[in-house]
Amino acid sequence: MKTTILITIASLCFLLIMCSSFLQKKQLKDHILFYSSFDGKTAADLALGDSNIYTAKNYKEADNAKKGLHDPNIVLAIDKGFVGDVIHFKEAKTAAVFYKAYKNVGYTTTSWSGTISFWLRLDPNKDLAPHYCDPICITDSKWSDAGLWVDFTDHNPRRFRLGAMGDIAVWDPTNDSDETDWEKRTVTVNPSPFQSKTWTHVAIVFSEVNTKTKSTFKLFLNGQFIGVIKNINDPFTWEPENGKIMLGLGYIGFMDELAIFDKALDHNEVKSVFELKNGLKALFK
């Protein structure tokens with residue numbers, strides 16, 4: 001009798017765990033605005049806005065960008081991704097490559113929250129050219145003016161940073177920013193944990209931007225909380241249709257599984273994304 005009861009309880013626990021896992025995956029899927037697996041194509045698998053990737057000579061000439069990849073230094077590397085294929089930035093001197101952010105990042109002037117998720121593979125101390133580089137920067141202008149980004153510094157060893165720079169007219173009106181201004185708006189990982197033969201998951205979680213009082217920007221690596229930017233509350237003022245998801249600014253390495261959610265994922269949700277062995281495509285099965 002006791003054995004039967006124990007088996008029944010164990011079965012119920014298993015079912016509850018399975019149901020909880022299923023519901024969490026469904027909830028995550030329902031919050032994806034944009035997802036590019038880079039499997040066999042550069043166009044996004046899912047996009048609320050334009051799904052195409054664009055290439056321009058530089059960002060000053062972005063209005064003349066062409067659909068698709070048009071730079072021999074940026075390619076799809078077959079079967080070299082975290083899952084399947086991957087985008088590979090082979091040289092630092094590349095063209096401007098981006099997706100359009102309009103509708104794909106959920107930007108709003110009132111209360112903007114979301115999560116940016118992707119995987120990187122590189123040895124920053126061996127692979128990168130000797131200057132700063134940004135694997136990703138999302139803005140309608142430039143990194144220092146309403147820009148959300150991560151970069152590798154030019155220190156030895158390299159440091160990895162999350163940066164959240166609001167309107168430059170607010171945070172640096174006289175163009176004399178000092179170290180204190182930067183420290184308030186960055187999270188720094190020193191030294192960076194990235195390696196050439198292993199993938200590192202990066203999640204940028206931002207919450208209630210443009211509310212003037214409550215905005216936060218969190219960095220997670222491999223499902224673990226690293227740090228937070230808070231108590232700055234700089235506005236992020238965009239021309240929404242000019243927003244861009246800029247990729248590989250001076251970056252040399254691999255990037256895979258780029259996704260943007262319309263909510264600030266909590267720690268458990270970030271960990272769930274990190275633990276998806278077959279990538280975010282697993283959410284669509």
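What you are looking at is a predicted structure, and each value in this text was computed from that prediction instead of being measured. (Residues numbered from 1 in each chain as written. Predicted model: local features only at pLDDT ≥ 70, side-chain atom pairs only at ≥ 80, totals over all residues. Heavy atoms only, no water.)

J.: Honestly, a negative patch on the surface in this entry has me stumped. Any pointers?
T.: There is a patch of like negative charges on the surface, built from Asp176, Asp178, Glu179 and Glu183. You can see glutamate 179 is positioned in helix α4 (residues 179–184). (Patch = residues over 30% accessible without salt bridge, like charges linked within 9 Å, V, L, I, M, F, W, Y side chains within 5 Å. Areas by Shrake-Rupley, 256 points an atom, 1.4 Å probe, with all protein chains shown as cover. Salt bridge = Lys/Arg side-chain N within 4 Å of Asp/Glu carboxyl O. Lys, Arg positive; Asp, Glu negative; His and termini not counted. Charge placed at Lys NZ, Arg CZ, Asp CG, Glu CD. Helix = DSSP H or I, 4+ residues; strand = E, 2+ residues; numbered from the N terminus.)

J.: Mind showing me how you'd approach the pattern of salt bridges here?
T.: In a structure, side chains of opposite charge can pair up when their charged atoms sit close to one another. For the structure on display, the rule yields 4 salt bridges. Measuring nitrogen to oxygen at the nearest pair gives 3.1 Å for the salt bridge that ties aspartate 39 to lysine 281. Here aspartate 39, found in the loop between β1 (32–36) and β2 (46–47), pairs with lysine 281, found in the segment after α5 (267–274); they are 242 residues apart in sequence, far enough to count as distant. Classification of lysine 281 as partly exposed rests on a relative accessible area of 32%. (Buried < 20%, exposed > 50% of the residue type's maximum accessible area, 1.4 Å probe, protein only.)

J.: Is there a simple way to explain the layout of surface pockets in this structure?
T.: Sizing a probe to match a water molecule and rolling it over the atoms shows the empty space that remains. Taken as a whole, the largest pocket holds about 270 Å³ of empty space. Every residue lining the largest pocket is counted, 15 residues in all, and those nearest its centre are Ala62, Asp63, Phe98, Asn242 and Lys244. Classifying every residue of the lining of the largest pocket by side-chain character gives 6 nonpolar, 4 polar and 5 charged. (1 Å grid on protein atoms, 1.4 Å probe; cavity = no way out; pocket = protein on both sides within 12 Å on 5 of 7 lines; lining within 4 Å. Points joined across faces, edges and corners; volume = space filled by probe spheres on them. Nonpolar A, V, L, I, M, F, W, Y, C, P; charged D, E, K, R; others polar.)

J.: What's the story with unusual backbone geometry in this structure? I'm lost.
T.: For residues other than glycine, phi is negative in most cases, and the peptide bonds are mostly trans. Residue proline 157 is reached from asparagine 156 by a cis peptide bond, and omega for that bond is 0°. Topologically, proline 157 is positioned in the loop between β10 (147–152) and β11 (160–165). Positive phi outside glycine occurs at aspartate 79, with the angle close to 60°. Structurally, aspartate 79 can be placed in the loop between β5 (74–77) and β6 (86–89). Accessibility expressed as a relative area gives 64% for aspartate 79, which makes it exposed. You will see that asparagine 222, though not glycine, has its phi angle at about 50°, which is positive. With respect to the helices and strands, asparagine 222 occurs in the loop between β14 (216–221) and β15 (224–230).

J.: Would you mind going over empty space enclosed by the protein with me for this structure?
T.: Under the counting rule described, the total for this entry stands at 1 cavity of 30 Å³ or more. Considered as a void within the structure, the largest cavity measures approximately 40 Å³ in volume. Considering the residues around the largest cavity, the lining is formed by Ser117, Trp119, Glu257, Val273, Leu276, Gly279 and Leu280. For the lining of the largest cavity, the class distribution of residues is 4 nonpolar, 2 polar and 1 charged.

J.: Sorry if this is basic, but what is going on with the nonpolar core here?
T.: Of all hydrophobic cores here, the largest spans 51 residues; its most connected members are Ile116, Phe118, Ile136, Phe217, Ile245 and Leu258. For isoleucine 245, the contacting residues outside a window of four places in its chain are Val97, Phe98, Tyr99, Lys100, Ala101, Asn104, Val105, Ile136, Cys137, Ile138, Leu258 and Ile260. Counting residues in each nonpolar core, the second largest holds 14 residues, with Phe220, Ala259, Val273 and Leu280 among its members. (Core = buried A, V, L, I, M, F, W, Y, C linked by side-chain atoms within 4.5 Å. Contact = heavy atoms within 4.5 Å.)

J.: I'm lost on the sheet that holds strand β4 (residues 66–67) in this one. Help?
T.: Sheets are built from strands paired through backbone hydrogen bonds, the pairs being either parallel or antiparallel. What the 8 strands build is an open sheet, ordered β4-β3-β7-β16-β9-β10-β11-β12; its pairing is antiparallel. Each having just a single partner strand, β4 and β12 (186–189) make up the two edges of the open sheet. Pairing of strand β3 (residues 53–56) with strand β7 (residues 96–100), which is carried by 4 bridges, proceeds in the antiparallel orientation. Following the sheet pairing, threonine 55 is matched in β7 by valine 97. (Pairing = 2+ DSSP bridges.)

J.: I'm lost on the pairing of β15 in this one. Help?
T.: Side chains on a regular strand alternate between the two faces of the sheet. Note: β14 against β15, 6 bridges, orientation antiparallel. Paired with leucine 221 across the strands is glutamine 224, a residue of β15. Taking the residues that link successive antiparallel strands as the turn, the β14-β15 hairpin has 2 residues, and the phi of asparagine 222 there is positive, at about 50°.

All we've got here are geometric facts, nothing functional implied.
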